[in-house]
Amino acid sequence: MHSALSVVGTRGWIARHKELCQWLAALPWLLPTLLGLLIFTQGATFASLFISFTHWEILILPRWIGLGNYIEAYHLPLFWRTLKNTLYYTALSVPLNVTIAGLLALAMNQKLRGITLFRTLYFLPVVTSTVAVAVVWYWIYNSEFGLLNYVLSLMGITGPPWLASTRWAMPAVIIMSIWKGVGVNMMIFLAGLQDVPKELYEAAEIDGAGSLQRFWHVTVPMVSPTTFFVLVLAVIGSFQVFEQTYVLTQGGPGYATLTLALYIYQQAFQSAHMGFAAALAYVLFAFMLAATLAQFKLQARWVHYG
Amino acid sequence: MDTRLTRRTLLKAAVGTMGVTVLTACAPKTSTPAAVQPTTAPTSVAAEPTVVPPTAVPEQVTLQYYSWPGMAYEDSERSELLDPFEQANPNIKVELSLFPYDEYWDKMLTLAAANNLPDYFGMCPLRYGDWVPMKVLMDLDPFVDKELDKTKFYTEIWDQLRAIFPSDPKLYGLPFRAVIEAIAYNKNAFERAGVAVPSNKDWTWDDFGQIAKQLTLKDAAGKVSQYGASITTSHNWFDAALNCYGGEVLDKMLRKCLLDSERNIETIQMFVDWILKDHLSPNPSELAAMPQPFQTGKLAMTQMLSCQVQEWKKIQEFDWDVWWMPRGPAGLFLYGAPDQVSIWAKTKHPDECLKLLKFANSEQRGIVSVEAGSIPTIKAKAQSEDWLKAGNLDNQRIILDEVPYMKGADFGRGWAEWRSMVMNNELTPAFLGEKPVADAVKSAAQAIQAVLDKVYAG
């Protein structure tokens, strides 16, 4: 009698708290991932926030210094130099990457025999290791024996000493980054293009719109959500540029390619200034957050949903 | 019986699985049975025979030895040091692990933070100044005082290490070799230019510049086909060259940057003019594009580290040799630095590590593992015919004769940051002609001082 009553009581409780019970049922399956995220990602994130307010050099115990690291960064000319380099990289690489990816997507959005092969070829650099790609490009850029300057010489142009030039080193890094990363944006744009209803093109054609007008008045607005998505990710990715500069130039020559992410790495893992590096990481995060928020704020002006 | 898989069943299975997993992970380790210890029979008043305890078997010990290629080579380190040592000490095994140089220091820092350093490891003067304050290196002065006959060693090489940390000048590593700077010259290049090879031990940097100008040749198109020398900001020669002109980079306590003195600015201007006006050296961009410029015959002369003899002795395209570094108005100063091994202060096997260290510094060790051109700290080894002939050079003796003039490169705390990263990057625009020398030097001095202030603030 009692057990029957308790079963009825339990069932009633479950019925009244259906959502909670569903959540509790899912919890054991989610727990491994949640714990991993909490300990190794969020935990590390909050730990580094604390570390950014300390002076800590690995084996010397952390010492609380409040905003000392942030103030030091503010007064350090090299910090502003790395920020300038990072913004330079972003200002050049993002528009080029997005534009080239969009144009490639338009080209790949054709029903032609063998188009899949071309899509694969453009996507191949994306799945190749950045380090391996950088090593190959290191030799392509060699001013004495490199392929690029050889091709330029055939056109009567004397190529610059790419990676060894304070003027050309960053453009060289950008070119390599675009070559490596344009494929993934191309695929995203391709998906967006294939989602545009054909009726809109037909209607525009009936109304007498030419191909350029159809592109400008149908394609561009309809693909604008995809463009926005690609832009946000490209900006965030550009602020974090690291592997290319680490392998190609190590931040040189003369700091020309020293980006904030590479500087953070050098400060943390080569110079063991953990507190200072953590502060720089949060400054970088603040810039990325500001850029992303600005993009979200501005999207209402040019992104068309539905 | 209802065998449908319900949500309740699934939930029970999940919780049960997790519970088993947790319990298994938390199960106390079953202790291994203690080894049977030999027991001594209690002595008693009665005249019973005394039981003699069995001889204690030395504990089998494995030492972890970490280093990088260049500091140690697997084959020669094994054949000349580790295998003979293990034969002489059957209870000690040494596991050698080599890592690429850059990766090595990241790894060692991580291991230090985890309190899990290898017992015995390679150390170099560039990093020594940062590692001493970490208090993870064993003080080897007691060992040296007790076990080594100092008269048999180049103790001036040991003193180079002490000078890196003047506030704590103990030996926290024991150098087993030193590398020293010398001038390498291409005999065929001298012949092509019709210039006599260096023969004056007391030649100056001005003489060097004059000779390098004569050695710089251009092809029919006006492009330089052979440079007289290479002028860089490398610590391997640059800092000592400034000393030759009476300048300093840091003060004696290695805390204040003195790079922006008028004397230094004049000296650096001279080197920059050699590149930009006289074109006797490629600029940094051009040099970066030349793989192995001396070995490929692009440079008639170059500053070289003596350990490079090991690799360059394979050059067959031309004849070459070494000569004295040039001197300046303030005298002869040339770069030289010890390579050493250190022992982890918290190693569980200090005695075994010190045995290995003693063996590594004995005459039983061969010279191949020390690398041709690198100077063994053991005098007998360095002055042996084997070493003097190891590089196939007529003038290899000069490398030994230069030892009294060797000077480090102000290795101290933060060296890797202020010297490798900051100073080189700050001066490069001047060497490319993109910034006036005085501005670049002053900017470098400020940036270097900022680094020093930060490292010493801790």
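Every value quoted in this text rests on a predicted model; they were computed, and no experiment measured them. (Residues numbered from 1 in each chain as written. Chains lettered and ligands numbered in written order. Predicted model: local features only at pLDDT ≥ 70, side-chain atom pairs only at ≥ 80, totals over all residues. Heavy atoms only, no water.)

**Considering helix 18 (residues 437-457) of chain B**
To keep things clear, this is the line we draw: Starting at the N terminus, helices and strands are each numbered in turn, a helix being any DSSP run of H or I of at least four residues and a strand any DSSP run of E of at least two. Given a helix with a known number of residues, its expected span is that number minus one, times 1.5 Å. Between two residues, a contact is recorded if the distance between any of their heavy atoms is within 4.5 Å.
For helix 18 of chain B, built from 21 residues, the straight-helix expectation of 30 Å at 1.5 Å per residue is met to within 8% by its first-to-last C-alpha distance of 30 Å. As for helix 18 of chain B, its buried residues are in contact with strand 1 (54-57), helix 3 (68-75), helix 12 (260-270) and helix 13 (274-302) of chain A together with helix 10 (262-276) and helix 17 (415-431) of chain B.

**Quick notes on the interface of chain A and chain B**
Note the cut-off: Values labelled buried area give the accessible surface lost by two parts on being combined, using a 1.4 Å probe and summing over both. Any carboxyl oxygen of Asp or Glu that lies within 4 Å of a side-chain nitrogen of Lys or Arg is treated as forming a salt bridge with it.
Taken residue by residue, the interface counts 37 residues in chain A and 34 residues in chain B. Its largest share of buried area at the contact with chain B, chain A owes to A:Leu59, A:Glu144 and A:Tyr255, together 20% of the area lost on that side. At the boundary of chain A and chain B, one finds two salt bridges. Elements supplying a minimum of two residues to the side of chain A that touches chain B: helix 2 (18-51), strand 1, strand 2 (60-64) and helix 12 of chain A. Ranked by residue count, the leading element in the side of chain A that touches chain B is helix 2 of chain A, at six residues.

**A word on empty space enclosed by the protein**
Gaps left between atoms show up when a probe the size of a water molecule is rolled over them. In plain terms, the rule: Only protein atoms enter the calculation, which uses a 1 Å grid: trapped sets of points that fit a 1.4 Å probe without letting it out are cavities, open sets showing protein on both sides within 12 Å along at least five of seven lines are pockets, and any residue with an atom within 4 Å of a point is a lining residue. Grid points are joined across faces, edges and corners, and a volume is the space filled by probe spheres set on the points.
Overall, the coordinates contain five cavities of 30 Å³ or more when judged by the stated rule. In this model, the largest cavity occupies a volume close to 280 Å³. Taken together, 20 residues line the largest cavity, and the ones lying closest to its centre are A:Gln270, A:Ser271, A:Ala272, B:Asp130 and B:Met134. Every element with two or more residues in the lining of the largest cavity is listed here: helix 12 of chain A together with helix 3 (101-113), helix 4 (125-131) and helix 17 of chain B.

**A few points about a nonpolar patch on the surface**
Rules: Like-charged residues within 9 Å of one another, or nonpolar side chains (Val, Leu, Ile, Met, Phe, Trp, Tyr) within 5 Å, are grouped into patches, provided each residue has over 30% relative accessible area and no salt bridge. Under the convention used here, a 1.4 Å probe and the Shrake-Rupley method define accessible areas, while residue burial counts only the protein chains that appear. Burial classes follow relative accessibility: with a 1.4 Å probe on protein chains only, a residue under 20% of its type's maximum area counts as buried, one over 50% as exposed, and anything between as partly exposed.
Taken together, the side chains of A:Leu117, A:Phe118, A:Leu121, A:Tyr122, A:Leu124 and A:Val127 make up a nonpolar region of the molecular surface, amounting to roughly 570 Å² of accessible area. By relative accessible area, A:Leu124 is classed as partly exposed at 43%.

**Focus on the pattern of salt bridges**
Residues and elements named next belong to chain B. One pass over the full model with this rule turns up 19 salt bridges over all chains. Here Glu86 makes a salt bridge to Arg78, at a shortest N to O gap of 3.5 Å. The class for Arg78 is partly exposed, based on a relative accessible area of 21%. A salt bridge links Glu147 to Lys358, with the nearest nitrogen and oxygen atoms 2.7 Å apart. Placement of the pair is Glu147 in helix 5 (residues 141-147) and Lys358 in helix 13 (residues 350-360), with a sequence separation of 211 residues.

**Quick look at helix 6 (residues 130-140) of chain A**
Residue and element names in this part refer to chain A. Selection criterion: Comment: arc refers to directions from the helix axis out to C-beta atoms. Identification of polar contacts relies on pairs of N or O atoms within 3.5 Å, with a donor-acceptor requirement for protein atoms, meaning one able to donate a hydrogen and the other able to accept it, and with residues adjacent in sequence counted only if both atoms are side-chain atoms.
Among all positions of helix 6, only Thr130, Val133, Ala134 and Trp137 are buried. The arc enclosing the buried residues of helix 6, seen along the axis, measures out at 100°, which places them on a common side. Buried positions along helix 6 lie against helix 8 (169-194) and helix 11 (243-248). Structurally, the start of helix 6 carries an N-cap: the backbone nitrogen of Val131 is 3.2 Å from a side-chain oxygen of Ser129.

**With respect to the nonpolar core**
Here is the rule: Nonpolar cores were defined as sets of buried Ala, Val, Leu, Ile, Met, Phe, Trp, Tyr and Cys residues, with membership established by side-chain atoms within 4.5 Å.
Counting residues in hydrophobic clusters, the biggest one holds 206 residues, and the most contacted among them are B:Trp131, B:Trp205, B:Leu259, B:Met301, B:Trp320 and B:Ile375. Setting aside residues up to four positions removed in sequence, B:Ile375 forms contacts with B:Tyr154, B:Ile157, B:Phe176, B:Arg177, B:Ala178, B:Ile180, B:Ala382, B:Trp387, B:Ile399, B:Leu400 and B:Val403.

**Side note on the layout of surface pockets**
Applicable threshold: Each residue is assigned to one class: nonpolar for Ala, Val, Leu, Ile, Met, Phe, Trp, Tyr, Cys and Pro, charged for Asp, Glu, Lys and Arg, and polar for all the others, Gly among them.
Its boundaries defined by the atoms lining it, the second largest pocket holds a volume of some 650 Å³. Taken together, 28 residues make up the lining of the second largest pocket; nearest its centre are A:Ser143, A:Glu144, B:Lys223, B:Tyr227 and B:Glu286. Mapped by element, the contributors of at least two residues to the lining of the second largest pocket are helix 7 (147-154) of chain A together with strand 6 (224-226) and helix 10 of chain B. Residues of the lining of the second largest pocket, tallied by class, amount to twelve nonpolar, eleven polar and five charged.

**Topic: the confidence of the model for chain B**
All names here are of chain B. Counted only if it meets this: Each residue gets a pLDDT score, which is the predictor's confidence in that residue and runs from 0 to 100.
Averaged over every residue, the pLDDT of chain B is 86; residues scoring 70 or more account for 87%. Predicted confidence is poor over residues 24-49, with pLDDT under 50, and the contacts of this stretch with residues over four places away or in other chains come to three contacts. The ipTM assigned to the predicted complex is 0.76, against a pTM of 0.80.

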